[in-house]
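A look at the structure
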Amino acid sequence: MSFKQWLENIYLDKEMKNKIDFFRKINIFKGLSNYDVGVLVTAMYRRTYEPGEVICPEHEIGKALFIIMDGEVVISRKAGLLKEEKVITRMKSGDFFGEMSLLEEKPRSGTAKAMSTCEIYIIYKANFDGMIEKNPRIGVKVIRNIAVVISARLRGIMGQLS
Amino acid sequence: MTRNKYVWLMAGLLFVFWFAYQVRVALYPFLISVLLAYLFKPLVNHFTAQGYKKWLIITVMFLIGILLAVELAVFLVPRLVEEVTIMKDTLPSITGQVKAFLVRIQPSLEKIYPPLRAQSLPDLVGKKLTELATSLPAHVPAMLGNLLGWLYLTVLIPFITFALLLDADRMADWIFSIFPSRYTETVLSIISEINQVMSGFLQGHLMRIFWLTIITTLGLIYFGVNFALVFGLLTGVFNMVPVLGAWIGAIPPILLVVISGNMVLAVKLVIFFLLIHAFDNTVLSTYYLATSVNLHFVLVLFAIMVGAELYGVMGVILSVPVFSMIKVVTQILYHDYRDKMRVQEGIN
């Protein structure tokens, strides 16, 4: 081990570095610097969900964005006359949901449920808004990335319909 | 959440407040540590975001803080001691001046308020001032010798602040884990909004007090007012009391100048404090406190009185952010309940 590495072990937080590396790979944080992602990480909260636990129910007002660090989540919604639960998509580590909540507080369009033990990071809308006010540069990039994600999902739906 | 659960939650919150009141004396070092943790959190977050270890950031911050405090004490304490000693020595002559001033104005006051004829104002006020002059120096050694106070200041408060700064995130994670998952977003909004109110208010308030103290002290030195440093620092202390503090802080220097008979300087000081007040309202408060507190003026006064009654000085300082917190939490719970009822009606 070189002196530089030894010194870095003393003052650098490896757990934080791993988190930053992880979040930088996520679509909505693309183009952000390490520090920008670090600022976002310090504004996030973490929660562990057990298998079968509902993370956010359909129709409830969304106030946060959820990012899956570990585990599997299924998104479903009630459809048809019998209101049967229909699985829309399955999500894994690195995926996220609830991004529309960062733009507007509206009822969620589906239920998110943990399929395995999940470690999930959460950003509260008001915290995100406050951060945009302080760092508009970060805000513009994240909102642009969210727009790209929504646009891609919309194109996917249009493709399925046609 | 059903209506019953909201009632239980509110009852739980009331119990927490009642318990906090019962153990208020033991809570003081914790409250001060929480305040300090809120003040330093943004700085810790700034360096954490750059990838530095948290314990190292906090340790360096504490060391720098101790060095600055020692430097400040070395600079301020001798000057303050000098001013307080002169003040103590000149208090008998000030008492004489006050008496002479009151003898001059008593006939006019008696015309406005006849019951004053029954007692001699100069004797009454003179007696109170003499009592103050003898009791204050007697209290100082007791205050300095208060072992528990020093223990709080040097050991307990820094230790708790360190622990809070280091583990605040884990505490939030723990709070999430004790509530059922369906309440995660409600708990998240409550924690985040409380953090926002507290940190916004404390950081803003501190910056506002800092500038007001500097401006007032420099102004008093410029006008040649005696004991400018003591009065400047007193203004800072009084300004910790929201709304009323700014006015109370202006009274002692103006009164001293009025009693000494220099009415031109007194008028200048009144104008000076009015200008500071205007500057505070239009620039400092707008810039530093605009987003953190959104309470009506009457509610602010009520909060201060309740805080003073329950928690003394600490209650006065904390009254406004605590009332803002209660307002925010009530709003979140009410909106949450209303939204869920609307959604329920929409589904049915």
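Residues numbered from 1 in each chain as written. Chains lettered and ligands numbered in written order. Predicted model: local features only at pLDDT ≥ 70, side-chain atom pairs only at ≥ 80, totals over all residues. Heavy atoms only, no water.

Side note on the sheet that holds strand 8 (residues 118-124) of chain A
Residue and element names in this part refer to chain A.
- The strand order 1-8-3-6 describes an open sheet built from four strands, whose pairing is antiparallel. Every interior strand has two partners, whereas the edge strands, strand 1 (45-49) and strand 6 (96-97), have only one.
- Here helix 2 (residues 14-24) sits on the sheet in contact with strand 1, strand 3 (64-70) and strand 8, set at roughly 110° to strand 3. (Pairing = 2+ DSSP bridges. Helix = DSSP H or I, 4+ residues; strand = E, 2+ residues; numbered from the N terminus. Contact = heavy atoms within 4.5 Å. Axes fitted to C-alpha atoms, helices over the stretch in contact; angles between N-to-C directions.)

Section: the confidence of the model for chain B
- With 89% of its residues at a pLDDT of at least 70, chain B reaches an overall mean of 81.
- Looking across chain B, the model is least confident in helix 4 (residues 121-144) of chain B, with a mean pLDDT of 66, and most confident in helix 6 (residues 184-223) of chain B, with 88. (pLDDT = per-residue confidence, 0-100.)

Describing empty space enclosed by the protein
- Inspection of the entire model under this criterion finds two cavities of 30 Å³ or more.
- Of the pockets and cavities examined, the largest cavity occupies roughly 120 Å³.
- Forming the boundary of the largest cavity are 13 residues, of which Glu 60 and Ile 61 of chain A together with Thr 186, Asp 336 and Lys 340 of chain B lie nearest the centre.
- Sorting the residues of the lining of the largest cavity by element identifies helix 6 and helix 10 (297-347) of chain B as the ones contributing at least two each.
- When the residues that make up the lining of the largest cavity are grouped by side-chain class, the tally is three nonpolar, three polar and seven charged.
- Lining of the second largest cavity is provided by Leu 212, Thr 216, Thr 235, Asn 239, Ala 246, Trp 247, Ala 250, Phe 273, Ile 276, His 277 and Asp 280 of chain B.
- Counting residues per element, the ones that place at least two in the lining of the second largest cavity are helix 6, helix 8 (244-259) and helix 9 (263-289) of chain B.
- Per-element accounting of the lining of the second largest cavity gives the leading share, four residues, to helix 9 of chain B.
- Looking at the lining of the second largest cavity, its residues break down into six nonpolar, four polar and one charged. (1 Å grid on protein atoms, 1.4 Å probe; cavity = no way out; pocket = protein on both sides within 12 Å on 5 of 7 lines; lining within 4 Å. Points joined across faces, edges and corners; volume = space filled by probe spheres on them. Nonpolar A, V, L, I, M, F, W, Y, C, P; charged D, E, K, R; others polar.)

Some details on the nonpolar core
- Judged by nonpolar contacts, the single largest core of 28 residues is most densely connected at Phe 23, Phe 29, Leu 40 and Ile 67 of chain A.
- Sorting the residues of this core by element identifies helix 2, helix 3 (34-42), strand 3, strand 8, helix 4 (125-134) and helix 5 (136-161) of chain A as the ones contributing at least two each.
- When sequence neighbours within four positions are dropped, the list of residues in contact with Phe 29 of chain A reads Phe 23, Arg 24, Leu 40, Met 44, Ile 67, Ile 123, Val 142 and Asn 145 of chain A.
- Core analysis: the second largest hydrophobic core is formed by 26 residues, Ala 228, Ile 254, Leu 256 and Ala 266 of chain B among them. (Core = buried A, V, L, I, M, F, W, Y, C linked by side-chain atoms within 4.5 Å. Buried < 20%, exposed > 50% of the residue type's maximum accessible area, 1.4 Å probe, protein only.)

Quick word on the sheet that holds strand 4 (residues 73-79) of chain A
Residues and elements named next belong to chain A.
- Spatially, the four strands line up as an open sheet ordered 2-7-4-5, and their pairing is antiparallel. Both edges of this open sheet fall to strand 2 (54-56) and strand 5 (84-91), since each of them pairs with a single strand only. Adjacent strand axes in the sheet meet at a mean angle of 35° when their direction is disregarded.

Quick word on the pairing of strand 3 of chain A
Residue and element names in this part refer to chain A.
- Within strand 3, six of the seven residues are buried, leaving the element largely enclosed by the surrounding structure.
- Sheet analysis places strand 3 next to strand 8, joined by six bridges and oriented antiparallel. The residue bridging Ile 67 from the neighbouring strand is Tyr 121, located in strand 8.
- Strand direction decides the pairing type here: strand 3 and strand 6, joined by two bridges, are antiparallel. Within strand 6, the position partnered with Phe 66 by the bridge is Phe 97.

A look at the side chain of Thr 213 of chain B
Residue and element names in this part refer to chain B.
- Within the element layout of this structure, Thr 213 appears in helix 6.
- Owing to a relative accessible area of 13%, Thr 213 belongs among the buried residues under this scheme.
- Setting aside its immediate chain neighbours within four residues, Thr 213 contacts Gly 232, Leu 233 and Gly 236.

Some words on the packing of helix 3 of chain A against helix 5 of chain A
Residues and elements named next belong to chain A.
- The contact between helix 3 and helix 5 brings their axes to 11 Å, and the two run at 85°. Comparing their axes, helix 5 and helix 3 come out roughly perpendicular. Residues Asp 36, Val 39 and Leu 40 of helix 3 touch helix 5, and the partners they reach there are Arg 137, Ile 138 and Val 142. (Parallel < 35°, antiparallel > 145°, perpendicular 65-115°, else oblique.)

Side note on the packing of aromatic side chains
- For the structure on display, the rule yields 17 aromatic pairs over all chains.
- Measuring from centroid to centroid gives 5.5 Å for Tyr 45 of chain A and Phe 176 of chain B, while their planes differ by 70°, and the two rings are edge-to-face. With Tyr 45 of chain A in strand 1 and Phe 176 of chain B in helix 5 (residues 147-178), this residue pair bridges two chains. Neither residue differs from the other here; Tyr 45 of chain A and Phe 176 of chain B are each classed as buried.
- Seen from their ring centres, Phe 227 of chain B and Phe 231 of chain B are 6.4 Å apart, and the 75° between their planes marks the pair as edge-to-face. Accessibility assignment for this pair places Phe 227 of chain B and Phe 231 of chain B in one class, buried.
- A network of ring pairs unites the aromatic residues Phe 22, Phe 23, Phe 29 and Tyr 121 of chain A as a single cluster.
- Here Arg 47 of chain A stacks its cationic end above the ring of Tyr 49 of chain A, 4.8 Å away from the centre of that ring. (Phe/Tyr/Trp six-rings, centres within 6.5 Å; stacked < 30°, edge-to-face > 60°. Lys NZ or Arg CZ within 6 Å of the ring centre and 35° of its normal.)

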